[in-house]
Every structure is written in C-alpha cells, then in structure tokens.
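This is what each chain is made of:
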Amino acid sequence: MEFKDYYQVMGIARDASQDEIKRAYRKLARKYHPDVSKEANAEEKFKDLGEAYEVLKDPEKRAAYDRVAAGRRHGERFTPPPDWDVGFDLHGEDIARGFSDFFESLFGGKPGRARWSADSQSWSPRIEGQDQYAKIYISLEDAFHGCTQAIKLGSSAIDRQSAASRKTRTLNVKIPRGVREGQHIRLPGQGSPGAGGGGNGDLFIEIRYRPHRLFRADGGDIVLELPVTPWEAALGETVIVPTLAGKVELTLPANAQAGQKLRLKARGLPGHPPGDQYVILRIVAPPALTEEAKALYRKMAQAMPMNPRKEMGI
Amino acid sequence: MGKDMLVTVSGVVLNEEVRFTLGELCETCKINAEFVLEMVEEGVVEPQEGATPPEWRFDAVACKRLQMALRLQRDLRVNLPGAALALDLLEELENLRRWQSASRP
C-alpha cells in the first residue's frame, strides 16, 4: 500500500496549527465538493481531503500519524511498523466509510453511512447501507439509442468482522434511450451494503453528455449549426442534414439568412414528447480564386447592390 | 472479478414524468417529512401539484435539489438558507455554462 502525506493533500506545512488545518479543510471542502466542483476527479479529491482531515483534526491521531510519517514521502510503499501506535489511544472512537487501505491499516474503521461526509457517525449493530452518487459520461448517440455502460464504484464493503475495506466494484448499467443531461437514474439497493440486517443503500447516477462534434443538446432538443452556400440559402434549396437518427432532407425557405433557426419536429431526443432538432444556418461564401469567380462576384455586386452595414449608419 | 460475472442492472430514470408524493420523496431521499416541510418553507423545493402536504406531488428536480441541499448541509456545514442560495447559484452557473458552450464557434 502507498503512504499518504495528509499534509500534502491539504496543502499545509507539517507544523500547521489546528486552526490552520481547520481553515484549510473548510476552504478545500468548498472547492472540491462534488456538487459544487466542475473538476472531473472532484469526488476523489474530496474523499482524500476528508480522510486527511479525519486524522489531522484530532491531536491524538495527528501525533500518532506524525510519528509514522517522519521521513516518508507521498506515494512511497508503506507497511505499518509494529507497535507504531503504542502510547496513543486511537480506537476508542468509531469512524466511518470507505477510506483508503492506508487509513484503515492505521486507524481501522467501522462502516458508516455518509460517503461524502467528513463527520463521523456512531456505530450501531444494525446499519443501513449508504446511498451512493456517481456521474456517468455518455455520448449523444448513446443517449439517443440507449446503451449499457460499465461504471466503476468505490464502496465500503463490510465483512463478517464488521470492518470496512475499500473495494472497487463494477456495475453494468442500462441507460434507457432518451435520457437527458442532468437526470438521475435511481438503482434501488445498488448503493453500499448494509450490516447487521440493514438494507443496502441506493445508487443514484447522474447523466452527463460528452461534447459532440456536430450536435449539442438543450434539454431534449438537439441544436446543429449547418453551413450552406449563398445560393442554397437564396434559392431555398433542399439540403441534407445530419440528425441523431440519420440523414434527413430539409428544404430551406427562400432568401434564408445566416443565423436563421429552422425546426425539425420530433427529430431530437426521444421522449414524451420527443425533442426537436434545431438547425441554425451559417452561410459560407466561396472564395474568389479564379478570374471567372471574381467576374461572377463583380456581376453580383452590379446586379444586386446591397449595404449590409446600413443599420450601423455607415 | 471476471467480465462474465458483470451483472447488468437497470434503474428508474428520474425524468420529467416522475412524480413523488411526500412519503415517496422522504423514502427516496431518506429524510423525514418535517425536513421536506422546512425545505418547502425555505423555497428549496416546490411541489408541482397539490395544495396541502397529503396532496403534494414533487418532480425529479425537487428530489435532486433535496439531495444536494442535504449533502451541502452535511459536508460544508451551510444552513438551510445558505444551501438554498448555493443551489440557485449553481443552477444559474450551469445555465451560463450552457450558453457559453452554445455561443462558442
């Protein structure tokens, strides 16, 4: 197992005062709270922070940890030295939830309920498993068609001696078609296991979309920016448009302008009702690379003079 | 664990069609009714339908907001009005981020 430098995790010096530790914890807890932070590994960081604080906030645990930590660096291989805790009373308090093997080897815990919590819970023989929260990133195609995706979960499994150990488990989760960004999928009984006859917690999975090359989602609607030529727009021609279900034909209104928004009804994400697809036109002018092309542009300037900056008063 | 041992599980999508009674909301979020009443009082969540608590029906957004408010209170020691403010600001931030990514070329 790896040694964890709790001072490094909290970004403080080894001789930091208890007040400094508390302040650092509160500041970082706000920064890395999984509900607040946009960082991809916020949950991991928040958990490490909670674990570090669990030890450093308690002068007794901190002193015992300091004895072990002397001369050791973050990440180096670690086995607890025998009798490392002689002279410290560390096991009077029951502590919680899915901390690292490193933590468990030193301060051995009992299972608790609150996975993201930094507050300890008192132990009782019958423990309901805690609810777990996780995010899953899926493509828009997967949201449209539905999919099955494997998700890795850290959980504090409880063995017969009621000792918590951190284990990773993998679940294959069915993602139904039409699921929207930010929605939760509730999986009853798939959270952390309970103990002493207590039931399992539930698992809540929040859906996030990965950025897509062409589309973006707005609720159940899909938005696509579509490049068209000036003549396609002016003449109202029929163009082929990609949708999540495949290509469709779209007839542009004559004299369509850049930025104009066209709606393809019910071509968005499935649902009741299904979303629409919005097509926003972007007019792309061909470069005048040949004499012939230049002549055509000059002819257009003569045949249909226009001042696009009229509204600017120029 | 080998790949062949992976079980596929399916759950319930908490989408816009889902409605919770007060009791169902309490069960889903593992909280008591007084707490929900406080949250309604504070404006953290609003029932979609119903005039009195037994008739109340909540949507999935209420469920999500309640759970977030609980975690913020527990993990960051904010009080209820503080959690309500944080939730509103987080929602606004998410909307702004969406606009920002929409206007990016």
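Note that this is a predicted model, so its numbers are computed, not measured.

## Considering the interface of chain A and chain B
- Taken residue by residue, the interface counts 29 residues in chain A and 24 residues in chain B.
- Looking at the side of chain A that touches chain B, the elements that each hand over two or more residues are α2 (18-32), β2 (147-158), β3 (164-175) and β4 (184-187) of chain A.
- A per-element tally of the side of chain A that touches chain B places β3 of chain A first, with 5 residues.
- Classifying every residue of the side of chain A that touches chain B by side-chain character gives 12 nonpolar, 9 polar and 8 charged.

## Examining the sheet that holds strand β6 (residues 215-218) of chain A
Residue and element names in this part refer to chain A.
- Strand order across the open sheet formed by 4 strands is β6-β7-β11-β10, with mixed pairing between neighbours. In the strand order of this sheet, the two ends are held by β6 and β10 (261-264), each with one partner. Neighbour to neighbour, the strand axes of the sheet diverge by 30° on average, direction disregarded.
- Sheet topology note: the β6/strand β7 (residues 221-228) ladder contains 4 bridges and is antiparallel. Residue pairing in the sheet places Phe215 in a bridge with Leu224 of β7.

## Remarks on helix α3 (residues 42-56) of chain A
Residue and element names in this part refer to chain A.
- Between its first and last C-alpha atoms α3 spans 21 Å; for 15 residues at 1.5 Å apiece the expected length is 21 Å, and the two agree.
- Counting buried residues in α3 gives 12 out of 15 residues, a clear majority hidden from the surface.
- Within α3, burial applies to Glu43, Phe46, Lys47, Asp48, Leu49, Gly50, Glu51, Ala52, Tyr53, Glu54, Val55 and Leu56.
- Looking at the buried side of α3, the elements it contacts are α1 (6-10), α2, α4 (59-69) and α5 (101-107).

## Looking at the domain arrangement of chain A
- Looking at the assigned domains, one finds that chain A contains domain 1 (6-209) and domain 2 (215-302).
- The dominant element in the side of domain 1 of chain A that touches domain 2 of chain A, judged by the number of residues it contributes, is helix α6 (residues 140-145) of chain A, at 4 residues.

## So, the nonpolar core
- Counting residues in hydrophobic clusters, the biggest one holds 39 residues, and the most contacted among them are Leu25, Phe58, Cys63, Leu66 and Ala69 of chain B.
- Ranked by residue count, the leading element in this core is helix α3 (residues 60-76) of chain B, at 7 residues.
- Summarising the domain contributions, this core has at least three residues from each of domain 1 (6-209) and domain 2 (215-302) of chain A.
- When sequence neighbours within four positions are dropped, the list of residues in contact with Leu66 of chain B reads Cys29, Met39 and Val45 of chain B.
- Ranked by size, the runner-up nonpolar core spans 21 residues in total, among them Phe46, Tyr53, Val55 and Phe107 of chain A.

## A closer look at the pairing of β4 of chain A
- Direction of pairing for β4 of chain A relative to strand β5 (residues 203-209) of chain A: antiparallel, over a ladder of 4 bridges. Each residue of the ladder has a partner; that of Leu187 of chain A, found in β5 of chain A, is Leu203 of chain A.
- Sheet topology note: the β4 of chain A/strand β2 (residues 12-14) of chain B ladder contains 3 bridges and is antiparallel. From the neighbouring strand, His184 of chain A faces β2 of chain B, where its bridge partner is Leu14 of chain B.

## Regarding the environment of Arg19 of chain B
- Following the sequence through the fold, Arg19 of chain B ends up in the loop between β2 and α1 (22-29).
- With 17 C-beta atoms packed within 10 Å, Arg19 of chain B lands in the partly exposed category.

## Digging into the confidence of the model for chain B
- On average, residues of chain B carry a pLDDT of 88, and 93% of them reach 70 or more.
- We note a pTM of 0.75 for the whole complex and an ipTM of 0.82 for its interfaces.

## Quick look at the confidence of the model for chain A
All names here are of chain A.
- Chain-level statistics for chain A give a pLDDT mean of 85 and a share of 86% at 70 or above.
- Confidence over residues 109-124 falls short of pLDDT 50; this stretch has 53 contacts with residues more than four positions distant or in other chains.
- Predicted confidence is poor over residues 156-165, with pLDDT under 50, and the contacts of this stretch with residues over four places away or in other chains come to 25 contacts.

## What about the sheet that holds strand β1 (residues 132-138) of chain A?
- An order of β1(A)-β5(A)-β4(A)-β2(B) is seen for the 4 strands of this open sheet, with the pairing classed as mixed. In this open sheet, the two edge strands, each paired with only one partner strand, are β1 of chain A together with β2 of chain B. Recorded for the sheet is a direction-independent mean angle of 30° between the axes of neighbouring strands.

## A few points about the packing of α2 of chain A against α3 of chain A
All names here are of chain A.
- Between α2 and α3, whose axes approach to 10 Å, the crossing angle comes to 165°. Comparing the axis directions of α2 and α3 gives the class roughly antiparallel. Here α2 runs over α3; the crossing is left-handed. Residues Ile21, Tyr25, Leu28, Ala29 and Tyr32 of α2 form the contact with α3, whose participating residues are Ala42, Lys45, Phe46, Leu49, Tyr53 and Leu56.
- Within the contact of α2 with α3, the residues separate by chemical class into 10 nonpolar, no polar and 1 charged.

About the cut-offs
Residues numbered from 1 in each chain as written. Chains lettered and ligands numbered in written order. Predicted model: local features only at pLDDT ≥ 70, side-chain atom pairs only at ≥ 80, totals over all residues. Contact = placed C-beta atoms within 7 Å. Helix = DSSP H or I, 4+ residues; strand = E, 2+ residues; numbered from the N terminus. Nonpolar A, V, L, I, M, F, W, Y, C, P; charged D, E, K, R; others polar. Pairing = 2+ DSSP bridges. Axes fitted to C-alpha atoms, helices over the stretch in contact; angles between N-to-C directions. Expected span 1.5 Å × (residues − 1). Buried ≥ 20, exposed ≤ 12 C-beta atoms within 10 Å, placed from the backbone. Domains from an automatic or database assignment. Core = buried A, V, L, I, M, F, W, Y, C linked by C-beta atoms within 7 Å. pLDDT = per-residue confidence, 0-100. Parallel < 35°, antiparallel > 145°, perpendicular 65-115°, else oblique. Left-handed = near helix turned anticlockwise from the far one by under 90°.

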